[in-house]
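Listed here are the chains, written in short residue letters.
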Amino acid sequence: QKEVEQDPGPLSVPEGAIVSLNCTYSNSAFQYFMWYRQYSRKGPELLMYTYSSGNKEDGRFTAQVDKSSKYISLFIRDSQPSDSATYLCAQGGAGSYQLTFGKGTKLSVIP
Amino acid sequence: GAVVSQHPSWVICKSGTSVKIECRSLDFQATTMFWYRQFPKQSLMLMATSNEGSKATYEQGVEKDKFLINHASLTLSTLTVTSAHPEDSSFYICSARPEVQETQYFGPGTRLLVL
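Owing to the predicted nature of the structure, the values given are computational and were not obtained by experimental measurement.

Caption draft 1: Layout of the overall build of chain B. Across its full length, chain B carries zero helices and 11 strands. Secondary structure elements of chain B, listed N to C terminal, follow the sequence β-β-β-β-β-β-β-β-β-β-β. Taken over C-alpha atoms, the radius of gyration comes to 13 Å for chain B, in line with the 13 Å a tight globule of 115 residues would show. Across its three principal axes, chain B shows a C-alpha extent of roughly 40 × 25 × 20 Å. Split into buried and exposed, the 115 residues of chain B put 51% on the buried side. When contacts within chain B are restricted to residue pairs at least 6 apart in sequence, those whose partners lie at least 24 apart make up 55%. When the accessible surface of chain B is summed, it comes to about 5,600 Å², and 53% of that surface belongs to carbon and sulfur atoms. Charge-centre separation for chain B: the mean point of 10 positive side chains lies 7 Å from the mean point of 10 negative side chains.

Structural data, given as structure tokens:
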């Protein structure tokens, strides 16, 4: 069974704040984790792609995977109004080409 | 790198007509491509998985005779909505999986409106 749980929000923060987005998953067999950003009326854009536990940083974005607690997070530092979008976490791997997506968290960064 | 294009970006058609949507991986080869449907304020719904040179695998509840998928090359998959009806109006998004990765790269989506 593949399940990824994600709080849909909405989440509203002031510009410059640190944003924390979280997901939990149930199936440990799928060990690849992704974060996508989707602007309204656009396709999802891959932000982060991780495999191992720990942190992966890319600019203002940090993806964190804790396999012991089955918890994945995305941190956004110095958030900008342009970060306002829906963020989707996803899980994949184990020979299955499909990804399991969370329902997405809608983020608004207020100037 | 890892760019996926979709064409057209939006289409309006009359009820009963067929509409073809193209999905191309521009800078990588994709043995597997996916087609999703998304309704307003809802998450992605996987419609089908297509592998180059073979028949697509459809998710439960998706009519394969209505949504025809062809994956004729490693960089091109097409979705044809046959005899479209207003309830088929939606946002259709494709994605492509590079051969050596476990992730997917998405196209920009096609908005279909059936009158």
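Caption draft 2: Representation of the state of the cysteines within the structure. Under the definition given, this model contains two disulfides over all chains. Sulfur-sulfur distance for the disulfide between A:Cys23 and A:Cys89 comes to 1.9 Å. Judged by the sign of its S-S torsion, about -100°, the cystine formed by A:Cys23 and A:Cys89 is left-handed. Highlighted residues: A:Cys23 in strand β3 (residues 19-25) and A:Cys89 in strand β9 (residues 85-93), separated in sequence by 66 residues. The class of A:Cys23 is buried, set by a relative accessible area of 1%. Exposure remark for A:Cys89: the relative accessible area of 0% places this residue in the buried category. One disulfide in the model links B:Cys23 with B:Cys94; its S-S distance is 2.0 Å. Across the disulfide from B:Cys23 to B:Cys94, rotation about the S-S bond amounts to roughly 80°, and the bridge is consequently right-handed. Of this pair, B:Cys23 sits in strand β3 (residues 19-25) while B:Cys94 sits in strand β9 (residues 90-98); the two residues are 71 residues apart in sequence, bridging distant segments of the chain. By relative accessible area, which is 0% here, B:Cys23 ends up buried. Using a relative accessible area of 0% as the deciding quantity, one classes B:Cys94 as buried.

Rules used throughout
- Residues numbered from 1 in each chain as written.
- Chains lettered and ligands numbered in written order.
- Predicted model: local features only at pLDDT ≥ 70, side-chain atom pairs only at ≥ 80, totals over all residues.
- Heavy atoms only, no water.
- Helix = DSSP H or I, 4+ residues; strand = E, 2+ residues; numbered from the N terminus.
- Rg over C-alpha atoms; globule rule 2.2 N^0.38 Å.
- Buried < 20%, exposed > 50% of the residue type's maximum accessible area, 1.4 Å probe, protein only.
- Contact = heavy atoms within 4.5 Å.
- Areas by Shrake-Rupley, 256 points an atom, 1.4 Å probe, with all protein chains shown as cover.
- Lys, Arg positive; Asp, Glu negative; His and termini not counted.
- Charge placed at Lys NZ, Arg CZ, Asp CG, Glu CD.
- Disulfide = S-S within 2.5 Å.

None of this, on its own, says anything about what the molecule does.
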